[in-house]
Amino acid sequence: MSYDEYDLTAALYDSVGAYREREEDVRYYLAQAAAAGSPVLELGCGTGRVLLPIARAGLAITGLDASSAMLEVCREKLAREPAEVRARVALELADMRDFELGRSFALAMIPFRPFQHLLSVEDQLACLAAVSRHLRPGGSLVLDLFNPSLAMLVDDSKTVEWGDEPEFTTPAGERVTRRFRVARRDLLTQIQDLEIIYHVTAADGATRRLVEAFRMRHLFRYEVEHLLVRAGFEAVEVFCDFRGTPFGAVYPGELVVHARRPL
Ligand SMILES: C[S@@+](CC[C@H](N)C(=O)[O-])C[C@H]1O[C@@H](n2cnc3c(N)ncnc32)[C@H](O)[C@@H]1O
C-alpha cells in the first residue's frame, strides 16, 4: 500500500508553527520512553519530531511510517546527527496495520494521532495485534487521539475553507499560511475527509496552493477502551492532556491513552 497524502507537504511539516509549538507531547513521550527503557517502537514517526529527541536522550528507537516522503525528511535530519545518535535509530517504511520487524520492544507509541488514519475496526485491530506481537510481555502502548468535540463535528462553518493561523516561513524563505476544510463528514462511520490547504508564497513572489487531503476516523473514550481490551491489552488508562490529568477534567481535551500487554 502506498500512503502519499504527505507527498506534497512532507517538506513543509517541520516548519509548521503549530507542530513546532507541540513541545509538550515530545516531553511526554520522551518521559514514557525513559521510564520504559530501550528499545522503543514509534508507529507513524513521520519526520522524527518525537523520534529524534528520544534517540538523542540515549534510547534505541525504531520508527515506522508508511509515507516515504515523511521518512525521507526524517532520514535527512538523522544524517546530520552524531554517529552515536544515528546508531540508535532504525527507520522502516511499512504500514502500521501489517508489519513484522523480528524484534520486540519495551514500549510502543503512536504520537500525534496517526491511529486515526485507520478507518475501520478491522484496521484498528490489525494494528493493535501487530503492536501486541512486537511488545515484550508487560510492555506498554501509549497513543494520543483527538477527543472529538461534539460541537466541532456538527459545525457547518468548517465545510468551507477556514483558519487564522499565523504565517510561518520555511528555511527556503517561503511564506506559508495553512487553512482547513472538512470536505465530507459521515457522522455514522465517524470518518471525516479533511483538507489542510497550504498557501505558499516563494521568495520570488510566485504562489502555490497545496492541498493535503486525508481521511480520519474519530474515536470516543469508551470506544478506545473497549477496543484495547478487545485487542488483549490491560490496565487501560485515559488522560486528557500531556500532564497526566485524568480524562474528564476539561472538554474536549485530548485522548492520551496508556495500555499494557499482559505479562
Ligand atoms: C500527523 S503525522 C505524525 C508524525 C509524528 N508522529 C509526529 O508526532 O510528528 C501522521 C503520520 O502517520 C503516518 N501514517 C498514517 N497512516 C499510517 C499507516 N497506516 N501506517 C504507518 N504510518 C501511517 C503518516 O505517514 C504520517 O507520517
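Residues numbered from 1 in each chain as written. Predicted model: local features only at pLDDT ≥ 70, side-chain atom pairs only at ≥ 80, totals over all residues. Heavy atoms only, no water.

**Q** Help me out: how do you make sense of the packing of helix 7 (residues 121-134) against helix 9 (residues 221-230) in this one?
**A** Each pair of packed helices can be summarised by the angle the axes make with each other and by the distance between the axes. Running from N to C, helix 7 and helix 9 point in directions that differ by 55°, and their axes come no closer than 10 Å. Accordingly, the angle class assigned to the pair helix 7 and helix 9 is oblique. Read as a crossing pair, helix 7 and helix 9 show a hand that is right-handed. Contacts between helix 7 and helix 9 involve Val-121, Gln-124, Leu-125 and Leu-128 from the former and Leu-227, Leu-228 and Arg-230 from the latter. (Axes fitted to C-alpha atoms, helices over the stretch in contact; angles between N-to-C directions. Helix = DSSP H or I, 4+ residues; strand = E, 2+ residues; numbered from the N terminus. Parallel < 35°, antiparallel > 145°, perpendicular 65-115°, else oblique. Left-handed = near helix turned anticlockwise from the far one by under 90°. Contact = heavy atoms within 4.5 Å.)

**Q** I tried to follow the sheet that holds strand 3 (residues 89-93) on my own but got confused; where do I start?
**A** Backbone hydrogen bonds hold the strands of a sheet together, and the pairing may be parallel or antiparallel. The strand order across the open sheet built from 7 strands is 3-2-1-4-5-11-10, with neighbouring strands paired in mixed fashion. Strands with a single pairing partner mark the edges of an open sheet, and in this sheet they are strand 3 and strand 10 (234-239). Each strand axis lies, on average, 15° off the axis of its neighbour in the sheet, ignoring direction. Bridge analysis of strand 4 (residues 105-110) against strand 5 (residues 135-146) gives 5 bridges, and the strand direction is parallel. Note that in strand 5 the partner of Met-109 across the bridge is Val-142. The strands that helix 5 (residues 68-79) touches are strand 2 (61-65) and strand 3; relative to strand 3, the one it contacts most, it runs at about 160°. Along the sheet face, helix 7 touches strand 1 (40-43), strand 4 and strand 5 and points at about 145° away from the line of strand 5. (Pairing = 2+ DSSP bridges.)

**Q** Looking at this model, I keep getting lost on the pairing of strand 1. Mind explaining?
**A** Successive side chains on a regular strand alternate, one facing one side of the sheet and the next facing the other. Here strand 1 shows no split at all, with Val-40 and Glu-42 on one side and Leu-41 and Leu-43 on the other all buried. Looking at chain direction, strand 1 and strand 2 are connected through 4 bridges and run parallel. Looking at strand 2, one finds that Glu-42 is bridged to Gly-63. Crossover strand 1 to strand 2 through helix 4 (residues 51-56) is right-handed. Summarising the sheet, strand 1 and strand 4 pair through 3 bridges and their orientation is parallel. Across the sheet, the residue bridging to Leu-41 is Ala-108, located in strand 4. (Buried < 20%, exposed > 50% of the residue type's maximum accessible area, 1.4 Å probe, protein only. Right-handed = clockwise from strand over helix to strand, strands pointing away.)

**Q** Just to check I follow, could you spell out the layout of surface pockets for this structure?
**A** Over the atoms rolls a probe the size of a water molecule, and in doing so it shows where empty space is left. Its volume calculated, the second largest pocket comes out at about 270 Å³. At the level of elements, helix 2 (17-20), helix 3 (23-36) and helix 4 are the ones that each hand at least two residues to the lining of the second largest pocket. Broken down by element, the residue count for the lining of the second largest pocket peaks at 3 residues, all from helix 4. Counted by class, the lining of the second largest pocket contains 4 nonpolar, 1 polar and 8 charged residues. (1 Å grid on protein atoms, 1.4 Å probe; cavity = no way out; pocket = protein on both sides within 12 Å on 5 of 7 lines; lining within 4 Å. Points joined across faces, edges and corners; volume = space filled by probe spheres on them. Nonpolar A, V, L, I, M, F, W, Y, C, P; charged D, E, K, R; others polar.)

**Q** What am I meant to see in the site of the ligand here?
**A** The environment of the ligand is formed by 21 residues, the closest being Tyr-13, Gly-44, Arg-49, Asp-65 and Met-96. For the ligand, a nitrogen atom lies 3.1 Å from a polar atom in the backbone of Pro-111. Within the complex, the protein chains bury 97% of what would otherwise be the 600 Å² of accessible surface of the ligand. Of the residues assigned to the shell around the ligand, the class counts are 13 nonpolar, 4 polar and 4 charged. (Near = heavy atom within 4 Å. Polar contact = N/O pair within 3.5 Å; in protein donor to acceptor, adjacent residues only side chain to side chain. Areas by Shrake-Rupley, 256 points an atom, 1.4 Å probe, with all protein chains shown as cover.)

**Q** Could you clarify how one ought to interpret the domain arrangement of the protein in this entry?
**A** When the parts of a complex come together, some accessible area is lost, and that lost area is often used as the size of the interface. When its domains are assigned, the protein resolves into domain 1 (10-147 + 219-260) and domain 2 (150-217). In this structure, domain 1 and domain 2 have C-alpha centres spaced 24 Å apart. The partner domain 2 presents 20 residues to the 19 residues of domain 1 that form the contact. Taking both partners together, domain 1 and domain 2 bury about 1500 Å²; carbon and sulfur atoms supply 60% of that area. Area buried by domain 1 at its contact with domain 2 is led by Leu-12, Ser-15 and Leu-119, which between them contribute 38% of it. The interface formed by domain 1 and domain 2 holds 0 salt bridges in total. On the surface where domain 1 and domain 2 come into contact, there are 5 residue pairs in polar contact (both at pLDDT 80 or more). Sorting the residues of the side of domain 1 that touches domain 2 by element identifies helix 2 and helix 7 as the ones contributing at least two each. Here the side of domain 1 that touches domain 2 takes 3 residues from helix 2, the largest share from any one element. (Domains from an automatic or database assignment. Buried area = accessible area lost by both parts, 1.4 Å probe. Salt bridge = Lys/Arg side-chain N within 4 Å of Asp/Glu carboxyl O.)

**Q** Sorry if this is basic, but what is going on with the packing of aromatic side chains here?
**A** Aromatic ring pairs: the centre-centre distance and the angle between the two ring planes describe each pair. By the definition in use, this model includes 6 aromatic pairs. For the pair Tyr-28 and Phe-242, a centre-to-centre distance of 5.5 Å together with 65° between the ring planes defines the contact as edge-to-face. Placement of the pair is Tyr-28 in helix 3 and Phe-242 in the loop between strand 10 and strand 11 (254-260), with a sequence separation of 214 residues. Like Phe-242, Tyr-28 is buried. A cation over an aromatic ring shows up here: Arg-22 above the ring of Phe-112, its NZ or CZ 3.7 Å from the ring centre. (Phe/Tyr/Trp six-rings, centres within 6.5 Å; stacked < 30°, edge-to-face > 60°. Lys NZ or Arg CZ within 6 Å of the ring centre and 35° of its normal.)

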